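Residues per chain, in single letters:
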Amino acid sequence: MHWNDLLYPLLFITDNAYKTLPLALLEFRGQYATNYPMLFTGVVIASAPMVVAYVFLQRYFVAGMTAGAVKG
């Protein structure tokens, strides 16, 4: 899974059922106007699972980052 993949889905996916999240968020932009409230709501909803995962697994993230930081 590619979280930041936009180019290939933009070029190759034509069916709305298979759109990726970044491609779906691009739908809130128009040629002359952007629906910022809906765009920001989509970004918050899209990033919420990663924030929740980090909150519950924070000790493992910190332990992994500091594992090689100290010479023993």
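Okay, so let's go over this structure. Note that the structure is a prediction, hence the values are computed from the model and not measured.

## Some points on the environment of Asn16
Positionally, Asn16 belongs in the loop between α1 (7–12) and α2 (21–25). For the pair Asn16 and Arg29, spaced 13 residues apart in sequence, the C-alpha to C-alpha distance is 16 Å. Within the structure, Asn16 has its side chain in polar contact with the side chain of Lys19 (distance 3.2 Å).

## With respect to the packing of aromatic side chains
For the structure shown, the criterion picks out three aromatic pairs. With a centroid separation of 5.9 Å and 15° between ring planes, the pair formed by Tyr8 and Phe12 is classed as stacked. Placement of both Tyr8 and Phe12 in helix α1 is noted, with a separation of four residues, approximately one turn of the helix. Look at Phe12 and you get exposed, because its relative accessible area is 61%. For the ring pair Tyr54 and Phe61, a centre distance of 5.2 Å and an interplane angle of 45° mean the geometry is tilted. Residue Phe61 is classed as partly exposed on the basis of its relative accessible area of 41%.

## Looking at helix α3 (residues 36–56)
The terminal C-alpha atoms of α3, which comprises 21 residues, lie 30 Å apart, in line with the 30 Å expected from a rise of 1.5 Å per residue. Ala48 marks the point of greatest bend in α3, at about 35°, and the proline Pro49 comes within the next four residues. The set of residues buried in α3 consists of Leu39, Gly42 and Ala46. Where α3 is buried, its residues touch α2.

Here is what the cut-offs are and how they apply
Residues numbered from 1 in each chain as written. Predicted model: local features only at pLDDT ≥ 70, side-chain atom pairs only at ≥ 80, totals over all residues. Heavy atoms only, no water. Helix = DSSP H or I, 4+ residues; strand = E, 2+ residues; numbered from the N terminus. Polar contact = N/O pair within 3.5 Å; in protein donor to acceptor, adjacent residues only side chain to side chain. Phe/Tyr/Trp six-rings, centres within 6.5 Å; stacked < 30°, edge-to-face > 60°. Buried < 20%, exposed > 50% of the residue type's maximum accessible area, 1.4 Å probe, protein only. Expected span 1.5 Å × (residues − 1). Bend = angle between axes of the 7 residues up to and from the residue. Contact = heavy atoms within 4.5 Å.

That is the geometry; function is a separate question.
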